[in-house]
Structures are given as structure tokens and as C-alpha cells.
2 protein chains.
Amino acid sequence: MKKRSEFTTLCYIEDESRYLMLHRTAKEKDVNKDKWIGVGGHFEAHESPEDCLLREVKEETGLTLISWRFRGIVTFTLKTQEEQITEYMCLYTADGYEGTLTPCEEGTLEWVEKKDLFSLNLWEGDKIFFRLLQEEYPFFSLKLVYEGNELREAVLNGTNLEWK
Amino acid sequence: MKKRSEFTTLCYIEDESRYLMLHRTAKEKDVNKDKWIGVGGHFEAHESPEDCLLREVKEETGLTLISWRFRGIVTFTLKTQEEQITEYMCLYTADGYEGTLTPCEEGTLEWVEKKDLFSLNLWEGDKIFFRLLQEEYPFFSLKLVYEGNELREAVLNGTNLEWK
């Protein structure tokens, strides 16, 4: 098995009222199976966050980003009975691009109205960072600790959050 | 050999006119040998950037941070004849702490006047991010590509920099 970096990018392409969301339905063995997330993926060797962002967005959407913002880092840690995995996600929003949307191998791409976002099957912790994005919160570091599908802990810039 | 994450923290503790600098003289085989850098180190399993920051600062200085800012991510990539290594450094400044400075096993800790910083033996690219810190540049992603000790490329937020 190819050794993959635990460092990833996650990008929400947006227009005024909508986000481009990816419904992860393609792969059977997928930690995000059936969830709605942004586009992105693992860093390849020696890539910067922006190198990875531009490559992954191009691969998954066909689009070339021309305007984006680095919004935060999410430390995503997931405990299961067998293992604990931790991923560092560089979180971006993007509001400028060129090209035409093409189908994505990882699932179905769909423009979703921001007001309808929370009715989708989202990771609990994603709702926390969507609120931070909507509030124009400055660059943040958010740690999310899951056991299975359950969010157990959320820590914003080193301080425990009450999120429920 | 213990497998180490390529993800690190780097912290410059400051007061109004000085940075706390670490002169790396202790280890013979050290990519930073004889250079002056900040304190910090590699992430341990499942740590967030702040978990790593607080632990490393405590271990290396004896101090407990109470006020810090996450200033940027530096993608440091170094080509030698044998290999290419890449490290993602979460860059912090800190202006509040408790406790008393203790000796560091990695080298000598010294308070250095900010105006005297560039007379030290620094990585060329560190001068770029020190300028960004001094200018209060918003959160940045800086990629620095070295061949041996020579900086070959500097990319700020995805755009090539002329730094010479």
C-alpha cells in the first residue's frame, strides 16, 4: 500500500448563496462514505498546501482556482475499536475559478444553498467550522475528536468548545 | 528508527524588542546545526498544532505559554545529493508566558534584539518570514525550496516571490 501523508486539503468553492459539495458515494471503504464534504485530498511529496489545493480541485472538479482563502487547520482525529487515525486538513474557501465543472470519481458534485447545508449528512464537527466560515472568523485551528461517528471533543485555538 | 511526523511547530517567543532564539549547537547530525531558530519540534501522535506548541515550548524552555498567535505555515523543502526532505512548520509568535527559563538540550537559548536578528546565522528563508511577522502580514503559507544551504525558490500564498 502506498504510504499516504496524513496532511490534506479541503476546499469549499462558493458563490454568494451556495457551496459546491461532494457527496461521497463512490468508494465502499471510505471514512467519508455517504457524507457530504468539500473537494480536496492528500498532499503528494513536497507539495505546499496551495500546490495540493490547486491540483486536487483541478482533478476532482475540472476547475482551476484563481481566488481562494486559507481559513484554518482542522485536526481531525477518529478513534475506532481497531485504530486511531489523525488527519491535518488545510481548510480553504474559494470564490474564483476558470473552466467547466466535470464529474468527480469520488462521488457526486452538487451546488447546495448555504441555508440548506445543515440538512445534509455532515460530520458533526463540520457544522462548527461552517459557522466559523460564515462568521468570517479569523484563521483558526480546530481540533475535532471523534469516536466512530460521535464528536467527543472540539477545541478551538487551544480552548475547549461547548458545541451542543 | 522512530518514524517521525513531517509536521512541526516553530515558535518565536517575543517581548517588545527581542525574540527568544535557540542556537542549535547540541546535536552533531542536525539539519539546523549552528543555525539560530525558534523553539519547537515534531508533532506526537494525534496532537493538534496547539498541543504540540505548548508541549514543545514547555520541554525546551520550561515556560508555559498563555498567549500566542498562529502566524503561518512554512513548507520547508531541502534537496541534498542523497534525498529531499519536506517539513510543514506551523509558525507561531507568543507574547505571554509563565515560569522561568530553563536550559535547553537542543542548544543555547538567548534573548536577541530584533534589530540584531539578521546578523545571526539564519536560514535565508527565515528572513522572509521574519519580515512578514514584523509587517503584521495576515496568516500566510510560505513555501521555501532549498538545495543544500541555498534558497532556490520562495512562494507566498501560491505566488512566486522575488526575495533577493
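Per an unreviewed UniProt entry, chain A goes by 8-oxo-dGTP diphosphatase and derives from Candidatus Blautia merdavium. Its UniProt record gives chain A a comment under Cofactor (unreviewed entry), which states: "Mg(2+)". Under the UniProt heading Sequence similarities (unreviewed entry), the entry covering chain A gives this text: "Belongs to the Nudix hydrolase family."

**Q** Teacher, can you tell me more about the nonpolar core here?
**A** If you look at the biggest cluster of nonpolar residues, it comprises 42 residues, and the most contacted ones within it are C11(A) and C11(B). If we skip the residues at most four places from it in the chain, C11(B) touches G38(B), V39(B), L53(B), V57(B), L65(B), Y92(B) and A94(B). Judged by nonpolar contacts, the second largest core, of 29 residues, contains M21(A), L122(A), L142(A) and A154(A).

**Q** How should I be thinking about the interface of chain B and chain A in this particular structure?
**A** Interface size is commonly expressed as the accessible surface area that is lost when the partners come together. On the chain A side, the residues contacting the 25 residues of chain B number 25 residues. For the pair chain B and chain A, the two sides together bury roughly 1,900 Å², of which 61% comes from carbon and sulfur. Considering only the side of chain B, the residues that lose the most area to chain A are H46(B), Y88(B) and F139(B), jointly responsible for 29% of the buried surface there. Inspection of the region where chain B meets chain A yields 2 salt bridges. Between K143(B) and D51(A) there is a salt bridge, with its nearest N and O atoms 2.6 Å apart. Joining chain B to chain A, the criterion identifies 12 residue pairs in polar contact (both at pLDDT 80 or more). Of the residues belonging to the side of chain B that touches chain A, the class tally is 8 nonpolar, 10 polar and 7 charged.

About the thresholds
- Once a new chain begins, its residue numbering starts again from 1 and follows that chain's sequence as written.
- Whichever chain is written first is A, and whichever ligand is written first is 1; the rest continue in order.
- Since the coordinates come from a predicted model, pLDDT governs what is reported: local features require at least 70, and pairs of side-chain atoms require 80 or more to be given and counted, while whole-chain, interface and lining totals use all residues.
- Note that water and hydrogens are dropped before the side-chain values are worked out from all heavy atoms of the structure.
- UniProt positions are given in the numbering used here, feature names are shortened, and annotations may be inferred rather than shown by experiment.
- Residues belong to one nonpolar core when they are buried, are Ala, Val, Leu, Ile, Met, Phe, Trp, Tyr or Cys, and are joined through side-chain atoms within 4.5 Å.
- Here's how the labels work: a residue is buried when its accessible area is under 20% of the maximum for its type, exposed when over 50%, partly exposed in between, all with a 1.4 Å probe on protein chains only.
- Residue contacts are defined here by distance: any two heavy atoms, one from each residue, within 4.5 Å place the two residues in contact.
- The term buried area denotes the loss of accessible surface (1.4 Å probe radius) that occurs when two parts are joined, taken as the sum for both partners.
- Criterion for a salt bridge: a side-chain nitrogen of Lys or Arg within 4 Å of a carboxyl oxygen of Asp or Glu.
- Whenever two N or O atoms come within 3.5 Å, that pair is a polar contact, provided that in protein one can donate a hydrogen and the other can accept it, and provided that, for residues adjacent in sequence, both atoms are side-chain atoms.
- Amino acids are sorted into nonpolar (Ala, Val, Leu, Ile, Met, Phe, Trp, Tyr, Cys and Pro), charged (Asp, Glu, Lys and Arg) and polar (every other residue, Gly among them).

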